[in-house]
Amino acid sequence: MSGAERSPAVPAGGTAVVGGGMLGIGAALLLAEAGRRVTLFERADCLGGLAAAWSLGPVRWDRHYHVILESDEETLGLLEKLDLAGRVVWSRPGTGCFAGGRLFPVTSAADMLRLPALGLVDKFRLGLTVLRAAHGGRRGLDEMTAERWLVRWSGKRAYTAFWKPLLVAKLGASHGRASAAFIQATIRRLYTARRGASKRERFGYVRGGYAVVLDRAERALRDRGCTLRLGAGVSSIVREGSRVAVAVGDRVDLFDDVILTLPPPIAARLCPQLDHDTRKKLESIEYIGVICASLLLDRALSGYYVTNVLDEGLPFTAVIEMTACVDPGDLRGRHLIYLPRYAPWDDPFWDLDDSAIRESLLAGLERVHPGLGGARIEAFRVSRQRFVLPLPAPGLARRVPGIEPAIPGIWMLSSAQIRDGTPNVNDTLRLARQGVAALLGAVS
Ligand SMILES: Cc1cc2nc3c(=O)[nH]c(=O)nc-3n(C[C@H](O)[C@H](O)[C@H](O)COP(=O)(O)OP(=O)(O)OC[C@H]3O[C@@H](n4cnc5c(N)ncnc54)[C@H](O)[C@@H]3O)c2cc1C
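What you are looking at is a predicted structure, and each value in this text was computed from that prediction instead of being measured.

**A few points about the domain arrangement of the protein**
Parsing the protein into structural domains produces domain 1 (5-51 + 210-285 + 394-443), domain 2 (121-193) and domain 3 (202-206 + 287-390). Each of domain 1 and domain 2 was reduced to a C-alpha centroid, and the two centroids are 33 Å apart. Contacts between the two partners involve 10 residues from domain 1, matched on the other side by 13 residues from domain 2. In this assembly, domain 1 packs against domain 2 so that about 820 Å² is buried in total across both faces, 49% of it on carbon and sulfur atoms. Joining domain 1 to domain 2, the criterion identifies 1 salt bridge. Residue R398 pairs with E143 through a salt bridge whose shortest N-O separation is 2.8 Å. Taken together, the connections running from domain 1 to domain 2 amount to 2 residue pairs in polar contact (both at pLDDT 80 or more).

Next comes the structure, spelled out in structure tokens:
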């Protein structure tokens, strides 16, 4: 980094947090509360990362669908801290499934019993599989595929009719590569969320969406003395003597320590001093992305928050009707649909422009909801995110490094360390807490 400009703007020392998604925000808040001087670097011009908000026609809402579960203690704790707990709205929307050209409910146990593709024995085994996932240990599950484990416990028919659509909704074309540990954790998260007599999970959102959460978080960070460097993509992080040098273009600042909150392959690119084996490990962690369209409609499509699709000809992996949870009054009376396509990096959709994506997705939606139930599309927008979740393939746990620093003073936290299921805000905030506790423990 010789020759780069040393900035006098930020006094040397303190902790740098790289990445202003929920992981970086959570870590920065905790560090500041512990009395550390914190500088947060975010490449985009706003905080939030995958949880950020954007404009869709006349409304401002989450770029990707987000709900809170009642069991999300970390998320609810953050909302409490931001004085937003009173703005959480809860509901119990239904779940649908589109298969064999038909749409039917899979919301309750009674719906499951009516599933046409499954016999009584299949349904009994399905129930046993859920109990096994919820209460069984995880020994050996990291090394086995989800398909093998599910077929063993539920049988081939129940796998094809029930579990496969769930895996497709989460992982798209990569569903066959998921580990049994992944499906166990996914079932567990939903099972624990099913509280109360109805055994149906309640989903929550904050009135105003993540835009409100992120505005409050930004204010809380500034109030606690954090320096926010927005629009500042970090280009390298290097240990220099007892300090760590963080470069953004030509500007370099020195810190006591740094927490990176980026996917491991990106983190590896920023840290030239990593040893060969660690670098190879970080680079080998494969990510799945999402191409996610938002549609604003003038009326509802169905009462289902999630409709899983068991039809490989459809171009999306689920239909998410956000306004089955969110009061349309929060969206100026409109109805919000997301059409996500979880996609590996060689998926042909990455090469399509917005109008080709729109054409393909709408043709698919027509099949699930002919004529769109008469709804008019008022706005359409596509988000493309390459780094959403590490492919939860067997053996992933062995390749993901722990949170202890690979280079003194350089800590790496990431969604890949969330071993249990699909990354979500709650587990992300818990990881931030664990990382900050380890850092503070190491420096005290
Ligand atoms: C379609 C979808 C639906 C979801 N639904 C839910 C849900 O219902 N409930 C739930 O709890 N969770 C949900 N999630 C997951 C949740 O959004 C994520 O788990 C969480 O936001 C991840 O936060 P993060 O900080 O780890 O990563 P990110 O949000 O990816 O943040 C990383 C940040 O680092 C920044 N960055 C990258 N490179 C640099 C650099 N060189 N310098 C500086 N900054 C950099 C990026 O711009 C980004 O802001 C969903 C995610 C998606 C995609």
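**Some points on the site of the ligand**
Near the ligand there are 28 residues, and of these E42, L50, Y65, H66 and V425 occur at the shortest range. Residue M22 places a main-chain N or O atom 3.2 Å away from an oxygen atom belonging to the ligand. Between L50 and the ligand, the recorded distance is 2.8 Å, taken from a backbone N or O atom to an oxygen atom. Out of a free accessible area of 1000 Å², the ligand has 90% covered by protein chains. The set of elements that each furnish at least two residues to the shell around the ligand consists of α1 (22-33), β3 (38-42) and α13 (425-443). Looking at the shell around the ligand residue by residue, the class counts come to 16 nonpolar, 10 polar and 2 charged.

**So, the sheet that holds strand β21 (residues 410-412)**
Spatially, the 5 strands line up as an open sheet ordered β11-β3-β2-β15-β21, and their pairing is parallel. Every interior strand has two partners, whereas the edge strands, β11 (227-230) and β21, have only one. The average angle at which neighbouring strand axes cross in this sheet is 15°, direction not considered. Pairing analysis gives 4 bridges linking β3 to β11, with the strands arranged parallel. Following the sheet pairing, T39 is matched in β11 by T227. Across the sheet, α1 lies against β2 (15-18), β3 and β15 (257-260), angled at about 170° from β3, the strand it touches most.

Basis of the calculations
Residues numbered from 1 in each chain as written. Predicted model: local features only at pLDDT ≥ 70, side-chain atom pairs only at ≥ 80, totals over all residues. Heavy atoms only, no water. Domains from an automatic or database assignment. Contact = heavy atoms within 4.5 Å. Buried area = accessible area lost by both parts, 1.4 Å probe. Salt bridge = Lys/Arg side-chain N within 4 Å of Asp/Glu carboxyl O. Polar contact = N/O pair within 3.5 Å; in protein donor to acceptor, adjacent residues only side chain to side chain. Near = heavy atom within 4 Å. Areas by Shrake-Rupley, 256 points an atom, 1.4 Å probe, with all protein chains shown as cover. Helix = DSSP H or I, 4+ residues; strand = E, 2+ residues; numbered from the N terminus. Nonpolar A, V, L, I, M, F, W, Y, C, P; charged D, E, K, R; others polar. Pairing = 2+ DSSP bridges. Axes fitted to C-alpha atoms, helices over the stretch in contact; angles between N-to-C directions.

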